[in-house]
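Here is how the chains run, residue by residue.
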Amino acid sequence: MKEFIRYVSLNVMGMIGLSCYILADTFFVAQAEGASGLAALNYGIPVYSVMYGIGLMLGIGGATRFSISQGKKQKDGNRDDTSLSHAVYMGLAVSLCIWMVSLLVSRPLAGLLGAEGDTLALTNTYISTIMWFAPFFILNNILIAFVRNDGNPKLAMIAMLVSSLSNILFDYIFMFPFKMGMFGAALATGSSPLVSILIVSKHLRSKKCSFRFRRCRLSAPVMGNILACGFSALIAELASAVALITFNLVIVNLKGDMGVAAYGIVANIALVATSIFTGVAQGIQPLVSRYYGSGDTEELNRVVKRGILTVLVSSVLIFAVLMAGMKGIIAVFDRDNHPALREMAEQGMKLYFIGYFFAGTNIMAVTVLSAAAKVKAAFAISNLRSWCLFVPVILLMSRLFAMGGVWCSFPVTEFLILLISAPVLIHYMKRWYV
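Residues numbered from 1 in each chain as written. Predicted model: local features only at pLDDT ≥ 70, side-chain atom pairs only at ≥ 80, totals over all residues. Heavy atoms only, no water.

S.K.: How should the overall build of the protein chain be read in this particular structure?
M.R.: Helix and strand counts for the protein chain stand at twelve helices and zero strands. Counting from the amino terminus, helix and strand elements in the protein chain follow one another as α-α-α-α-α-α-α-α-α-α-α-α. The C-alpha atoms of the protein chain give a radius of gyration of 21 Å, which matches the 22 Å a tight globule of 434 residues would have. In terms of overall dimensions, the protein chain has a C-alpha envelope of 65 × 45 × 35 Å along the principal axes. Sorting the 434 residues of the protein chain into buried and exposed places 59% on the buried side. Counting every atom, the protein chain has about 17100 Å² of accessible surface; 67% of that belongs to carbon and sulfur. (Helix = DSSP H or I, 4+ residues; strand = E, 2+ residues; numbered from the N terminus. Rg over C-alpha atoms; globule rule 2.2 N^0.38 Å. Buried < 20%, exposed > 50% of the residue type's maximum accessible area, 1.4 Å probe, protein only. Areas by Shrake-Rupley, 256 points an atom, 1.4 Å probe, with all protein chains shown as cover.)

Here it is as structure tokens:
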């Protein structure tokens, strides 16, 4: 129990800190650029989500492979020490591709994401800048996952928190004293993983570090295994990106940029709620991988049950806090006091956040199944959460119920997914090695 609390609490704190710097971006952009800047930021966030998701995929995939290997080592003496090297090599290759996109097609990409008119230039500035920091976003997530799985979740948490605080500080400096606008917001976000990398590198120099980067010949089976174990983490982030893009495109047709700005407020507050569930899930991931690798199914099931109970209690607390402080929270992001913006945001928060009574368990299910190498089940649930089910639901409900349908599409989707994920997780908890 102490180990569970240690891993989960530290990781939740780190994830909340990570999400807070996105909130800081939203707040400072809203103050500096108004509703247009808020809408532009919302158009650009999917690009950040994709880069962050790639880093999570390689980090969690490589670290899961490393942890399972460590568990088997305790059991039969086997050991693998190339997971980090493969993850880093793949991260660098992806970063080069992202740089090419930034150089060649960032402006068309901004338009494809839904930006137009006044928001197009602001969105292009934001995404073209943060894409240049792709190697640092990806490497940071790889190192944090390995350090956490190597028995040092405290250092991983410190790195995420300090990185987030530095981003908030950079946001203020770049956007107000230096008056750098959207470029300053992107520069602040891109600089923050550098701080985190410097902190977690302390673990790499310590004697307790069980992994090392070393030059090696790339192995297709190893790369495939890393991608398979981490792919559901990428899908989870892609789900956020697809949700943002779909919401933006649907809402801009219904309510224009003002509607997108209202969704920007709801979505960025939702990131904090999601970070709590993700923090719990990623916190137990090293424990799930370890107990699965060593064959301790009794302890494995105990950890999973504690994780589900934690997200259920968290969902109730999140909803209660948001409903109590809703008007004050929205007012923070509404510089120009737009009545229409506040009305849409209030309706959105009341309806959208019902989905978090179901989303926490779904996030847990995907992470647990991935950590125990049940990649097909995790992949299927992740795909349903992202586009296979969500996109048809929002398109149908927005047509039937306009903005009310848009806000309700998230809770409806998560409830339907829960009807699938819960039985699948229960099945594997009964017989993990089937």
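S.K.: Please clarify how the packing of aromatic side chains should be interpreted in this entry.
M.R.: Ring pairs (aromatic) are described by centroid distance and by the angle formed between their planes. Counting across every chain of the model gives 27 aromatic pairs. Note on F247 and F390: the rings are 5.7 Å apart at their centroids and 45° apart in plane angle, and the pair reads as tilted. Highlighted residues: F247 in helix α7 (residues 220-294) and F390 in helix α12 (residues 390-430), separated in sequence by 143 residues. Of the two residues examined, F247 and F390, each falls in the buried class. Every member of this aromatic cluster is reached through a ring pair, and the members are F247, Y263, F277, Y352, F353, Y356, F390, W407 and F410. The ring of Y291 carries the charged tip of R290 above its face, separated from the ring centre by 5.8 Å. (Phe/Tyr/Trp six-rings, centres within 6.5 Å; stacked < 30°, edge-to-face > 60°. Lys NZ or Arg CZ within 6 Å of the ring centre and 35° of its normal.)

S.K.: What exactly am I supposed to notice about the nonpolar core here?
M.R.: For soluble globular proteins, nonpolar side chains are generally found buried alongside one another. In terms of nonpolar packing, the biggest core is built from 139 residues, with F247, V288, Y352, F353 and Y356 touching the most fellow members. For this core, the leading source of residues is α7, giving 32 residues. Look past the residues within four positions of Y352 in its chain and what remains in contact with it is F247, Y263, V266, A270, W407, F410 and P411. (Core = buried A, V, L, I, M, F, W, Y, C linked by side-chain atoms within 4.5 Å. Contact = heavy atoms within 4.5 Å.)

S.K.: Got a minute to help me understand empty space enclosed by the protein in this structure?
M.R.: Vacant regions in the atomic arrangement are exposed by a probe of water-molecule size rolled over the atoms. Tallying each qualifying case throughout the model produces six cavities of 30 Å³ or more. Looking at the largest cavity, its volume works out to about 760 Å³. Along the walls of the largest cavity sit 44 residues, with A236, E237, S240, T274 and T278 positioned nearest its centre. When contributions to the lining of the largest cavity are tallied by element, the ones reaching two or more residues are α1 (2-76), α7, α10 (356-371), α11 (375-388) and α12. For the lining of the largest cavity, the element with the highest residue contribution is α7, accounting for 20 residues. A per-class count over the lining of the largest cavity returns 27 nonpolar, 14 polar and three charged. (1 Å grid on protein atoms, 1.4 Å probe; cavity = no way out; pocket = protein on both sides within 12 Å on 5 of 7 lines; lining within 4 Å. Points joined across faces, edges and corners; volume = space filled by probe spheres on them. Nonpolar A, V, L, I, M, F, W, Y, C, P; charged D, E, K, R; others polar.)

S.K.: Quick question: what am I supposed to make of the packing of helix α3 (residues 118-130) against helix α6 (residues 181-204) here?
M.R.: Helices that pack against each other are described as a pair by the angle of their axes relative to one another and the distance between those axes. As a packed pair, α3 and α6 sit with axes 8 Å apart at the nearest point and diverge in direction by 25°. The angle between α3 and α6 falls in the class roughly parallel. Relative to α6, the crossing made by α3 is right-handed. Facing L122, T125, Y126, T129 and I130 of α3, the residues of α6 in contact are M182, F183, A185, A186, L187 and T189. (Axes fitted to C-alpha atoms, helices over the stretch in contact; angles between N-to-C directions. Parallel < 35°, antiparallel > 145°, perpendicular 65-115°, else oblique. Left-handed = near helix turned anticlockwise from the far one by under 90°.)

S.K.: It is not clear to me how the pattern of salt bridges should be interpreted in this structure. Could you clarify?
M.R.: Where side chains of opposite charge bring their charged atoms close, a pairing between them can arise. A full pass over the atoms with the stated rule returns five salt bridges. The closest approach of N and O atoms between E298 and R302, which form a salt bridge, is 3.2 Å. Highlighted residues: E298 and R302, both in helix α8 (residues 297-332), separated by four residues, approximately one helical turn. (Salt bridge = Lys/Arg side-chain N within 4 Å of Asp/Glu carboxyl O.)

S.K.: Got a minute to help me understand a nonpolar patch on the surface in this structure?
M.R.: Where nonpolar side chains cluster on the molecular surface, the patch consists of M100, V101, L103, L104, V105 and W132 and spans about 570 Å² of accessible area. Relative to the assigned elements, W132 resides in the loop between α3 and α4 (134-149). (Patch = residues over 30% accessible without salt bridge, like charges linked within 9 Å, V, L, I, M, F, W, Y side chains within 5 Å.)

S.K.: Would you mind showing me how to read the environment of V12 here?
M.R.: Its location among the elements puts V12 in helix α1. Separated by 264 residues in sequence, V12 and I276 have C-alpha atoms that sit 5.5 Å apart. Discounting residues that sit within four places of it in the chain, V12 has contacts with I276, G279 and V280.

S.K.: How should the side chain of S192 be read in this particular structure?
M.R.: Looking at the secondary structure, you find S192 in helix α6. Looking at S192, its side chain comes within polar contact range of the main-chain oxygen of T189, at 2.8 Å. (Polar contact = N/O pair within 3.5 Å; in protein donor to acceptor, adjacent residues only side chain to side chain.)

S.K.: Teacher, can you tell me more about the environment of P339 here?
M.R.: Relative to the helices and strands, P339 resides in helix α9 (residues 339-352). By relative accessible area, P339 is classed as exposed at 65%. With 69 residues separating them along the chain, P339 and C408 place their C-alpha atoms 22 Å apart.

S.K.: When you look at α11 in this model, what are you seeing that I'm missing?
M.R.: Helical geometry: 3.6 residues make up each α-helical turn, so side chains three or four residues apart lie on a common side. All of the buried residues along α11 are A377, A378, I381, S382, N383, R385 and S386. As for α11, its buried residues are in contact with α7, α10 and α12.

S.K.: Explain the confidence of the model for the protein chain to me, please; I cannot follow it from the model alone.
M.R.: Caution is warranted with low-pLDDT regions, since their predicted coordinates should not be read in detail. In this model, the protein chain carries a mean pLDDT of 88, and residues with pLDDT of at least 70 account for 96%. At the level of individual helices and strands, the protein chain shows its lowest average pLDDT in α11, which scores 81, and its highest in helix α2 (residues 83-112), which scores 95. (pLDDT = per-residue confidence, 0-100.)

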